[in-house]
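If you want the building blocks of each chain, they are given just below.
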Amino acid sequence: MFMRQSVRLSVVSTMLLTAACATVGGYFYDPPATKLNDSYRGVYELDRHHANLYFRVSYLGLSQIMGRFNDFNARMVFDGVNTEKSKVTATIETKSLDSQDASLRAALIGVDFLDSVHFPQLTFATEGIVWHDSAHATVSGIVTLRGISRPITLNVTFNGGGGSLLDGRKRL
C-alpha cells in the first residue's frame, strides 16, 4: 500500500513540477523578439556565462584539430534604427588556447603560430553589416593577429532578443 501511494505521489509531483516549469518562462523573460527595433539600442557586453569560442582546423587534410579559447570578450554598440551602423569589437587572449593536449597547446601558442608572448591578443572590429533578412547578416571587419591586420567576412545569425525580468536588462 505504501509503495503504491509513493509512486502515485511521485507521478503527481512530477506532473505539477512539469506544469510549473512550463509556465515559469513568461515570468522570467519576455519571449524572444525576432525583429530588431530601436528599443534594443544600446551597448551590450558579452555574457561570458553563455558564450563559448571554439575552433577547428584541418591537420594535413587527414583530420580536424579542435580547441577553444577560454578568455575572450566582445562588445556591441547597437543602433536599432540603422542596424547596419552597429559596431562589434572582440578580443581573444591567445594564451588562453586550450587544445586538451599540452604539447599541441605549447606549439600553437609558441613563436611558430600565435606567438602569445609577443602578441597576447587577437582582435576584431567591424567595418560594415549587411542584413540579408531579419535573421541573417554578413559582418565585415578587420582581424588582427600577430600584429598583422586583414579583412574578414563573417556570416552571422540573429537568434532573437528579449528582456529578463530577473535583472531587467535586454539581451541580444
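On a predicted model such as this, the values are computed, not experimentally measured, just so you know.

> Can you explain the overall build of the chain? Please cite residues and give values.
Looking only at helices and strands, the chain has 2 helices and 11 strands in total. N-terminal to C-terminal, the α/β element order of the chain is α-β-β-β-β-β-β-α-β-β-β-β-β. Put simply, the chain has 172 residues, and 25% of those count as buried. For the chain, the accessible area works out to roughly 12,300 Å², and carbon and sulfur atoms hold 60% of it.

> Can you break down the sheet that holds strand β1 (residues 42-45) residue by residue, with the values?
Ordered in space as β1-β4-β5-β7-β8-β9, the 6 strands form an open sheet in which the pairing is antiparallel. Two strands in the sheet have a free side with no partner beyond their single neighbour: β1 and β9 (148-157). Averaged over all adjacent pairs, the angle separating strand axes in this sheet is 20 degrees, with direction ignored. Inspection of the sheet shows strand β4 (residues 72-78) paired to strand β5 (residues 87-93) by 6 bridges, in the antiparallel sense.

> Can you explain the environment of N73? Please cite residues and give values.
In this structure, N73 sits in strand β4. For N73, a relative accessible area of 39% gives the class partly exposed. Each C-alpha atom, one on N73 and one on R48, is 7.5 Å from the other, the two residues being 25 residues apart in sequence. In this view, N73 contacts E45, L46, T89, A90 and T91; residues no more than four positions away in its chain are not counted.

> Give me the lowdown on the pairing of β4, citing residues and values where you can.
Within a regular beta strand, the side chains point alternately toward one face of the sheet and then the other, so they alternate between its two faces. As paired elements, β1 and β4 share 4 bridges and run antiparallel to each other. Within β4, the position partnered with E45 by the bridge is R75.

> I'd like a rundown of the sheet that holds strand β2 (residues 53-59), residues and numbers included.
The strand order across the open sheet built from 3 strands is β2-β3-β6, with neighbouring strands paired in antiparallel fashion. The open sheet is flanked by β2 and β6 (97-98), the only strands paired with a single partner. Sheet topology note: the β2/strand β3 (residues 63-69) ladder contains 7 bridges and is antiparallel. Across the sheet, S58 pairs through a bridge with Q64, a residue of β3.

> Explain the nonpolar core residue by residue, including any values.
Membership of the largest hydrophobic core is limited to 11 residues, which are A51, F55, F69, F72, I92, L97, L108, I109, L114, L122 and V143. Setting aside residues up to four positions removed in sequence, F69 forms contacts with L53, F55, I92, E93, T94, S96, L97 and L114.

Cut-offs applied
Residues numbered from 1 in each chain as written. Predicted model: local features only at pLDDT ≥ 70, side-chain atom pairs only at ≥ 80, totals over all residues. Heavy atoms only, no water. Helix = DSSP H or I, 4+ residues; strand = E, 2+ residues; numbered from the N terminus. Buried < 20%, exposed > 50% of the residue type's maximum accessible area, 1.4 Å probe, protein only. Areas by Shrake-Rupley, 256 points an atom, 1.4 Å probe, with all protein chains shown as cover. Pairing = 2+ DSSP bridges. Axes fitted to C-alpha atoms, helices over the stretch in contact; angles between N-to-C directions. Contact = heavy atoms within 4.5 Å. Core = buried A, V, L, I, M, F, W, Y, C linked by side-chain atoms within 4.5 Å.

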